Amino acid sequence: MPIVTHLPVNTGRREGDHREPEAETAIGCPLTAIRCQRALSLPAPTVILSASEGSWYMPIVTHLPLNTSRREGAASVTVGQRDSGTAGSQKPEADSFYLLSPIFYFLNSIVYLLICSIIINVIIILYRRFIMKETYSRTKSVWQRMNKKEREAVMDYGEKYKAFLDTARTERLAAAEIIRQAEEKGFKPVYDMKSLKPGDKVYWNQKGKSVILAVIGQEPVHEGIKIVGSHIDSPRLDLKANPVHEQEGVVYFRTHYYGGIKKYQWPTIPLALIGVIYTRDGKKVEINVGMQEGDPIFYVSDLLIHMAQDQMKKPLAEGITGEQLQAIAWTNAEGKAKPKEVFMKWLKDTYGIEEEDFATAELELVPATKSRDVGFDRSLIASYGQDDRVCSYANLEAILHAKPGVKTQAALLTDKEEIGSYGNTGMESSYFVKFVMKLLALQGQDSILDFYETMENSEMLSADVNSCLDPMFPEVSEKDNASFMGYGINLTKYGGARGKAGSNDANAEFLQKIRTIFNEAGVCWQIGELGKVDQGGGGTIAFMMADWGAEVVDCGTAMLSMHSPYDLLSKADAYETYLAYKAFFESK
């Protein structure tokens, strides 16, 4: 930019010296000087200094207070002249210069803009080449693209995530932990609010099993919501309504498995019993046995290898039947009393529970093994319930730490996804609709049309896990379209099965927008399908939200051994999942 400065000029001269006053420094651009003199209305006289020969400088306009006193008859000072001559004799040349100055200034500006453009593009290229993280790659893992600080952040995140996994073993415990953390960050029940303003933090508790957290944006809710939707239920063994029975001196809990499981994986592992049961007088009793050090566990037995010749000939799906998934609860007998009688007396004395009370219980058997690091490098996590608590924890962390945005942000953490999202705590129910309409009503818009318009203006990441290529079972995946462990969060354009049956199938425009958000935020991501075309298949809550008009794409962590009692995933992928959801919340 031109620089305007005021410098004193030494105009002293010897007696008889008739030369014009001249500045001691000669640096500048006549064109720029004239332009600045006009713009700033500098008082005369002004000396325009020119660049010294053989040098290159930025233009400088110097407003010089000159001593123009002369002896009688001396020539007057002419701006820009350093040799003899009168002002009158220079006037035509000066007028010509003033006429050409706009053209010169325009050309000078064009050159200046071109140089700036070149410099900016060079900086961008250098930034992308040497500083900006490579966000999409099928040849470099996330670890290869991380610096030391990022690696440390991944490991720190992994420790917090493991603590959440060991605390939130069931959907009830997960909902309670989510609300506890949200309230610590200032979230309040939406049903207690009288109005909403930008920055307000509210939550909805759906029967202690599903939770919605929202941060109100600068724009009205009607202009659309940024939604990340995950689920907090996981495959497990539920106790039947009449679970207690004795067989050959062993007291068992009869169970009914919940969600898609490989039944043969559940025998011979430690199980914890968690849930609630109501007594006849209406007292709520909470049960949590097996997760703490020193607690007893529960156990489903299997046939010893020495006697399993017939069992081993069966298909895996038939090796263990659903009715054989019975957990050992008690074997002690006293005197003439049988084990079941002794057990029921113990339950009455300890918890105040009678056999009839099991009809009003929600008790779940879940793996009691705590989360652990895997490998010497501790880069992986093995744990129960990572489908879908890896996405749910990332969702929670993102909504708690994202900067409030232009759009309202909503973290949806729902129940019943593993069995089709049915029931009044699943996404097929109306609680999410009620929540959005409550937000709208608090801002003066309460019609069903307002709800549908809001959803049409909304965008959602369906935050659920996906499979990744397992080197031990490569035949079920098509490598070029499979996700890889440790390569970032996974985008899934469509799910469903076979011919995309039951799929949301996100459009290209929305995928482009999400890709841009991730790239600009430095989030490592990949894209992959759930197995070969005629091999895999699965669904999420994506199509339900799309039914209301929202833009939706499946976006979650890739993992191995999904739906097993001990899932496996990369800490780097879990961390990138958090970064992805946070970037989405903060985007416009």
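Our structure's up above, just so we're on the same page.
Let me begin by describing the structure that accompanies this report. (Residues numbered from 1 in each chain as written. Predicted model: local features only at pLDDT ≥ 70, side-chain atom pairs only at ≥ 80, totals over all residues. Heavy atoms only, no water.)

### Thoughts on the sheet that holds strand β4 (residues 201-206)
Next up, step 1: In spatial order, the strands read β3-β4-β5-β15-β6-β16-β22-β18-β20; together these 9 strands make up an open sheet with mixed pairing. On the outer flanks of this sheet lie β3 (188-189) and β20 (525-527), each paired with one strand and no other.
Next up, step 2: Pairing between strand β18 (residues 489-492) and strand β22 (residues 551-556): 3 bridges, direction antiparallel. Residue pairing across strands places Asn490 opposite Gly556, the latter belonging to β22.
Next up, step 3: Contacts from helix α11 (residues 508-521) reach β6 (225-231), β16 (459-462), β18, β20 and β22 within the one sheet, and its direction differs from that of β22 by about 50°. (Pairing = 2+ DSSP bridges. Helix = DSSP H or I, 4+ residues; strand = E, 2+ residues; numbered from the N terminus. Contact = heavy atoms within 4.5 Å. Axes fitted to C-alpha atoms, helices over the stretch in contact; angles between N-to-C directions.)

### Let's talk about unusual backbone geometry
Next up, step 1: In this structure, Asp388 follows Asp387 across a cis peptide bond, with omega equal to 15°.
Next up, step 2: Residue position: Asp388 is located in helix α8 (residues 386-401).
Next up, step 3: The phi angle at Glu248 is positive, at roughly 50°, despite the residue not being glycine.
Next up, step 4: Considering the arrangement of structural elements, one finds Glu248 in the loop between β7 (236-247) and β8 (250-258).
Next up, step 5: Judged by its relative accessible area of 76%, Glu248 is exposed.
Next up, step 6: Of note, the phi angle at Ser421 is positive, near 65°, even though the residue is not glycine.
Next up, step 7: If you trace the backbone, Ser421 turns up in the loop between β15 (408-414) and α9 (431-442). (Buried < 20%, exposed > 50% of the residue type's maximum accessible area, 1.4 Å probe, protein only.)

### Quick notes on the nonpolar core
Next up, step 1: Counting residues in each nonpolar core, the largest one holds 60 residues, and the members touching the most others are Leu213, Leu461, Ile514, Phe518 and Tyr581.
Next up, step 2: The greatest single-element share of this core, amounting to 9 residues, is contributed by helix α13 (residues 571-586).
Next up, step 3: Non-local contacts of Tyr581, meaning those with residues more than four positions away in its chain, are made with Val228, Cys391, Ala394, Asn395, Ala398, Leu461, Ala463, Ile489, Cys555 and Gly556.
Next up, step 4: The next biggest cluster of nonpolar side chains, apart from the first, holds 35 residues, and it includes Leu271, Val300, Ile320 and Val342. (Core = buried A, V, L, I, M, F, W, Y, C linked by side-chain atoms within 4.5 Å.)

### Focus: the pattern of salt bridges
Next up, step 1: Following the criterion strictly, the structure yields 28 salt bridges and no others.
Next up, step 2: Here the salt bridges do not stand alone but share partners, grouping Glu159, Lys162, Asp373, Arg378 and Lys571 into one network. (Salt bridge = Lys/Arg side-chain N within 4 Å of Asp/Glu carboxyl O.)

### Looking at the side chain of Asp233
Next up, step 1: Relative to the assigned elements, Asp233 resides in the loop between β6 and β7.
Next up, step 2: An unpaired buried charge is present at Asp233: no salt bridge exists, and Arg236, the closest side chain of opposite charge, is 5.4 Å distant.
Next up, step 3: Only 2.9 Å separates the side chain of Asp233 from the side chain of His231, close enough to count as a polar contact.
Next up, step 4: A polar side-chain atom of Asp233 sits 2.7 Å from a polar atom in the side chain of Tyr258. (Lys, Arg positive; Asp, Glu negative; His and termini not counted. Polar contact = N/O pair within 3.5 Å; in protein donor to acceptor, adjacent residues only side chain to side chain.)

### Re the sheet that holds strand β12 (residues 361-367)
Next up, step 1: Strand order across the open sheet formed by 6 strands is β10-β9-β12-β7-β8-β11, with antiparallel pairing between neighbours. Unpaired on one side and paired on the other, β10 (284-289) and β11 (327-330) mark the two borders of the sheet. Strand-to-strand twist in this sheet, taken as the mean axis angle between neighbours without regard to direction, amounts to 30°.
Next up, step 2: In terms of strand pairing, strand β9 (residues 271-278) meets β12 through 7 bridges, oriented antiparallel.

### Points about the layout of surface pockets
Next up, step 1: The space that makes up the largest pocket amounts to roughly 1,400 Å³.
Next up, step 2: If you list the elements that add at least two residues to the lining of the largest pocket, you get β17 (466-467), β21 (537-538), α12 (542-546) and β22.
Next up, step 3: Per-element accounting of the lining of the largest pocket gives the leading share, 3 residues, to α12.
Next up, step 4: Of the residues contributing to the lining of the largest pocket, the split by class is 16 nonpolar, 24 polar and 8 charged. (1 Å grid on protein atoms, 1.4 Å probe; cavity = no way out; pocket = protein on both sides within 12 Å on 5 of 7 lines; lining within 4 Å. Points joined across faces, edges and corners; volume = space filled by probe spheres on them. Nonpolar A, V, L, I, M, F, W, Y, C, P; charged D, E, K, R; others polar.)

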